[in-house]
Amino acid sequence: MISLSRNDIEQRYRRVAEAINEKHFKLALDEFSQWLRFSSRQEFFYQFETLGDNYRTLLRYAVEGYKDPQQEIILKSLSASLLSLADELQQSMREPLMPFHFNEKQQLLKYYGEDPDKIITSVDEIFIHREVNKLIGITGSEEDGTTESVPVEMLDRLFKLIWLTEKIKDHHLSFMRRINRSGNIKWYEKSLVVSALTLSLLNFYDPQKFILLIDFAEAGEKHVSQRALVGLILGLIKYDRRIIYHPELTDKIKTLSRDPEIKKNIEMILLQFLMARETEKITREFEEEVLPDMKKMMPKIEDKLQLGDQDEELDMEEKNPGWKGMVDEVPGLFEKIEKFSKMQMEGGDVFMSTFQMLKRFDFFSRMCNWFVPFHRNNPEAGLLIPEYGDLDRRLYDSLEHAFYICNSDKYSFVLNFMAIPTQQRNLIVTNFEAELAQMKEMASEEQMLDQSIGENAIIIQYVQDLYRFYKIFPNHGEFEDIFRKRISFGDLYFYKTFFEKVKFTHKLAEFYFEKEHYYEAIDLYEYLSTREKPTGEYYEKIAFSYQKLGRYKKAVAFYKKAELFDTDRLWILKKLALCYIRLKDYQNALAYFGEALKVQPEDQSIQAQLAQCYINLRDYEKASQIYTRLLFYSPGNVKYLRPAAYCDFVTGKLTQAETGYSELISGSHKASVYDYINAGHVHLCLGERKLALEFYARSLSLKGFSETEFMEAFDEDVPHLLKYGVTADEIPLIKDYLSFQTKIS
């Protein structure tokens, strides 16, 4: 049997799902039938035949005029069943192509087996010893690190058991609900269970997984609840169009949405999810804007801090008075660092590139450790080291309150700290404490501290943990990257039905617009225009987004709609004119620049654009008049001097043109190859052939400009040369002469 690639399997799955979502059930059956030919699993064939028979029966009753009040419910049930069968078919075909998933599943089967009772017993063993100790009076304290920890190997197996569970069965429901209700299971252990459940849902759809996440969210245990809400939202984004087939689930979501605090947290999750998708851009900006300037600063730092003298006593209490001066020596560096610091406090992930290389410790070889919350009792983190004494407590306290670093990176920090020579550890902890105090002060000034150290910090850190897993976990290629999915909130059923507030939707639109995600911004502003009375600002931003995407006709249409409102008319006129230039409709561009000039007659940039339109319309005389006026107010300005000289040449003002090109070529700015060519043209028309040939030769001598390019540029201006005294016979001779000279040189 021919095997399909993973990409082909996923495409076939999408075609079935899209047909069902568009209510084309017959098409979905046909697509599934074609796909099913590549499977050898007989149970899939039997289930598919049953679904087909049921649908044909429904059709027969419908066309015979039988009014079945249950018809819509039956159709939803058939759709849910076919999608579920498609899930199973996809999973069975993908599994052999995903070795990490396959091997982990085989290891779990060896350990747990398939007997539900044995699985329940094994899971109970993970936590039951702690409950027994509590009953007989043996307890510990999280503060002093004496709480008995569950062996990491057992937690890791439980994590993978939940993650690899496809359909939730009664025994799964039983043990996960017991975990949720138990007061003896620590918050960080429950958090791991929730993370595993989230991965399980994103791996394989099951409405029961949604319901379990809602149960964890409603339990109200802060760290656990926030993670459950994140998992719920990620699941809803991925499976938005499937939840309508499960009334029990939509009822639960509806109830959840009535809680104003939960609604507020969900808004934060959505914004943070969008912010996480900016990480690559933030990393790129940091590496391009800040790191090069910091490298320039390094020699000064080494000299001014006398880093060569390691034995000298350092005063830990006093700030270095040279720091600000050093930053000032690299113009703009302080502002750039401040910009990224603010980004960091707002949830921007500025540490991804810093900590990416520190994920190679053995700690991260366990899958569950990518999701474990930062806590003192983690036996693998190495925090509880007797000889460190007070240093251990200080490091833990600082990291615990570092609201701007995610859990995964905190563990990276600790593990790297362990590898640092002992004499440097105290200095690092002291500097880290100072940095934390500074960040808190900045947050306080921005009135951000309360939200940053509360529930929002848990969400921000957890989303960043998820981001690291999906981007740099060694086997991340086997997981569908949730951060790559394009989201159109105006099309999301769960958002519009349960969580939407127009004010927040506007905030999402602003986020997309400010971050230059113009397709998404257009979708949301157009959607908002249907939800409330349209504003000129909506149309302006839609138009601007289309302009940035190069869709100038659409941009023009929306700029004209924006014109109808009491907005910045001058700005719109200039944008309309620029769009018409891009469309090469210079007459309309000319008209709009003309209107703009009536509003702001002295604006030189508008006048220059007007002149450019005249050049494109070959009306060099009018263009020349404008450039002459511009040069009167701004003499020597190359932006005006270059086109002015060319206009003088093509309109026969050769002496004036010669003066312009002389100024261009002898000035402090760098002359272009075309300046030399055009100067040659002018001298050729003036009968000064020797000078003309010198200028032509200089253009040919410039690097990056070929003889072919020269000849093409020369030929474009032949009509002007013929017009001003150069004969047709001379032109090929001049070109051949220059060609010979180029080869000789």
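Above this text is the structure in question.
Residue numbers run consecutively from 1 along every chain, following the written order of its sequence. Note on the predicted model: pLDDT of at least 70 is required for a residue's local features to be given, and 80 or more for side-chain atom pairs to be given and counted; whole-chain, interface and lining totals, by contrast, use all residues. Side-chain measures were taken over the full set of non-hydrogen atoms in the model, leaving aside hydrogen atoms and water.

So, about the overall build of the protein. Helix and strand content of the protein: 38 helices and zero strands. Here the protein holds 745 residues, and the buried ones make up 50% of them. Here, residues are in contact when the closest pair of their heavy atoms is within 4.5 Å. Taking the intrachain contacts of the protein between residues at least 6 apart in sequence as the baseline, contacts between residues at least 24 apart amount to 67%. When the accessible area of the protein is evaluated, it comes to approximately 37700 Å², of which 51% is carbon and sulfur surface. Put simply, DSSP marks the helices as runs of H or I at least four residues long and the strands as runs of E at least two long, and each gets a number from the N terminus on. Under the scheme applied here, a residue whose accessible area is under 20% of the maximum for its type counts as buried, over 50% as exposed, and between as partly exposed, the area being computed with a 1.4 Å probe on protein chains only. Surface accessibility in these figures is a Shrake-Rupley result with a 1.4 Å probe; residues are shielded only by whichever protein chains are displayed.

What a helix is expected to span follows from its residue count: subtract one and scale by 1.5 Å. The end-to-end C-alpha distance of helix H5 (residues 99-112), which contains 14 residues, comes to 20 Å, matching closely the 20 Å that a straight helix rising 1.5 Å per residue would cover. Along H5, the positions that sit buried rather than exposed are Phe100, His101, Glu104, Lys105, Leu108 and Tyr112. In an axial view of H5, the angular spread of the buried residues amounts to 125°, which keeps them on one side of the axis. Looking one or two residues beyond H5, the residue adopting positive phi is Gly113, at roughly 75°. Arc definition: directions from the helix axis to the C-beta atoms.

Mapped onto the elements of the fold, Asp648 is located in helix H32 (residues 638-650). As used throughout, the charge tally considers Lys and Arg to be positive and Asp and Glu to be negative, leaving His and the chain termini uncounted. Definition used for salt bridges: Asp or Glu carboxyl oxygen within 4 Å of a side-chain nitrogen of Lys or Arg. Of the buried charged residues, Asp648 lacks a salt bridge, with Lys653 as the closest side chain of opposite charge at 4.3 Å. Of the polar contacts made by the side chain of Asp648, one reaches the side chain of Gln656; its length is 3.4 Å. Excluding anything up to four places from it in sequence, Asp648 contacts Ser624, Lys653, Leu654, Gln656 and Ala657. By the criterion applied in these results, polar contacts are pairs of N or O atoms within 3.5 Å in which, for protein atoms, one can donate a hydrogen and the other can accept it, and in which residues neighboring in sequence qualify only through two side-chain atoms.

Two side chains of opposite charge can pair, provided their charged atoms sit close to one another. According to the stated counting rule, one finds 40 salt bridges in the structure shown. With its nearest N and O atoms 3.2 Å apart, the salt bridge here joins Arg94 to Glu10. One end of the pair, Arg94, is in helix H4 (residues 71-94); the other, Glu10, is in helix H1 (residues 6-21), and 84 residues separate them in sequence. Like Arg94, the residue Glu10 is buried in the burial classification. The salt bridge involving Asp619 is made with Lys622; its shortest N-O contact spans 4.0 Å. One continuous salt-bridge network, built from bridges that share partners, spans Arg177, Asp215, Glu218 and Lys252.

Our focus in this paragraph is the nonpolar core. Phe175, Phe489 and Phe494 are the most contacted members of the largest nonpolar core, which totals 200 residues. When near neighbours in sequence (up to four residues on either side) are disregarded, Phe175 contacts Ile119, Ile120, Val123, Leu158, Leu161 and Ile162. To define a nonpolar core, start from buried Ala, Val, Leu, Ile, Met, Phe, Trp, Tyr and Cys residues and group those joined through side-chain atoms within 4.5 Å. Ranked by size, the runner-up nonpolar core spans 27 residues in total, among them Tyr13, Ala19, Ile20 and Leu29.

What follows is about the packing of helix H11 (residues 222-238) against helix H22 (residues 455-472). With axes taken as lines fitted to C-alpha atoms, and helix axes fitted only over the stretch in contact, angles between N-to-C directions fall between 0 and 180 degrees. Axis separation between H11 and H22 bottoms out at 9 Å; the angle between their running directions is 50°. Relative to H22, H11 is oriented oblique. Our pair here, H11 against H22, has a crossing hand that is right-handed. Here Lys222, His223, Gln226, Arg227, Val230 and Leu234 of H11 lie close against H22, whose contacting residues are Glu455, Ile458, Ile459, Tyr462, Val463 and Leu466. When the residues that make up the contact of H11 with H22 are grouped by side-chain class, the tally is seven nonpolar, two polar and three charged. Small angles under 35 degrees read as roughly parallel and large ones over 145 as roughly antiparallel, with 65 to 115 read as roughly perpendicular and the rest as oblique. Put simply, a crossing is left-handed when the front helix is turned counterclockwise from the back one by less than a right angle, and right-handed when it is turned clockwise. When residue character is reported, Ala, Val, Leu, Ile, Met, Phe, Trp, Tyr, Cys and Pro are called nonpolar, Asp, Glu, Lys and Arg charged, and the others, Gly included, polar.

Structurally, the position occupied by Met275 is in helix H13 (residues 260-276). Separated by 189 residues in the primary sequence, Met275 and Gln464 place their C-alpha atoms 9.6 Å from one another.

On to the packing of aromatic side chains, then. A pair of Phe, Tyr and Trp rings is counted when the ring centres sit within 6.5 Å of each other, with Trp represented by its six-membered ring. The angle between the planes then sorts it: under 30 degrees is stacked, over 60 is edge-to-face, the rest tilted. Scanning the entire structure with this criterion turns up 54 aromatic pairs. Judged by centre distance (5.4 Å) and plane angle (85°), the ring pair of Phe469 and Tyr470 falls under edge-to-face. When sorted by exposure, Phe469 lands in the same class as Tyr470, which is buried. Geometrically, a lysine NZ or arginine CZ counts as sitting over a ring once it is within 6 Å of the ring centre and also within 35 degrees of the ring normal. The positively charged end of Arg157 is found above the aromatic ring belonging to Tyr111, 3.8 Å away from the centroid. The ring of Tyr205 carries the charged tip of Arg242 above its face, separated from the ring centre by 3.9 Å.

Attention shifts here to the environment of Gly536. Here Gly536 shows up in helix H26 (residues 536-548). Gly536 sits 30 residues away from Asp566 along the chain, and the two C-alpha atoms are 7.3 Å apart. Contacts of Gly536, omitting those with residues within four sequence positions, involve Ala562, Phe565 and Thr567.

Quick look at the environment of Leu158 now. Relative to the assigned elements, Leu158 resides in helix H7 (residues 152-163). Exposure remark for Leu158: the relative accessible area of 1% places this residue in the buried category. Placed 50 residues apart in sequence, Leu158 and Leu108 show a C-alpha to C-alpha distance of 9.3 Å. With residues near it in sequence (within four places) discarded, Leu158 still touches Tyr112, Val123, Ile126, Phe127, Phe175, Ile179 and Val193.

This part covers the side chain of Lys541. Within the secondary structure layout, Lys541 lies in helix H26. In this view, Lys541 contacts Glu510, Phe513 and Tyr525; residues no more than four positions away in its chain are not counted.

The α-helix advances 3.6 residues per turn, and as a result positions three or four apart in sequence lie on the same side. An ideal rise of 1.5 Å per residue puts 20 Å on 14 residues; helix H25 (residues 518-531) measures up with 20 Å between its terminal C-alpha atoms. For H25, the full list of buried residues reads Tyr518, Glu520, Ala521, Ile522, Leu524, Tyr525, Tyr527, Leu528 and Ser529.

With that settled, consider the packing of helix H9 (residues 187-203) against H11. Contact geometry of H9 with H11 gives a least axis separation of 9 Å together with a crossing angle of 5°. Classified by the interaxial angle, the pair formed by H9 and H11 is roughly parallel. Along its contact with H9, which presents Trp187, Lys190, Ser191, Val194, Thr198, Leu201 and Leu202, the element H11 presents His223, Val224, Arg227, Ala228, Gly231, Leu234, Gly235 and Lys238. By residue class, the composition of the contact of H9 with H11 is seven nonpolar, five polar and three charged.

Of note in this structure, Lys23 is not a glycine but carries a positive phi near 65°. In this structure, Lys23 sits in the loop between H1 and helix H2 (25-36). Although it is not a glycine, Glu516 sits at a positive phi angle of roughly 65°. Structurally, the position occupied by Glu516 is in the loop between helix H24 (502-514) and H25.

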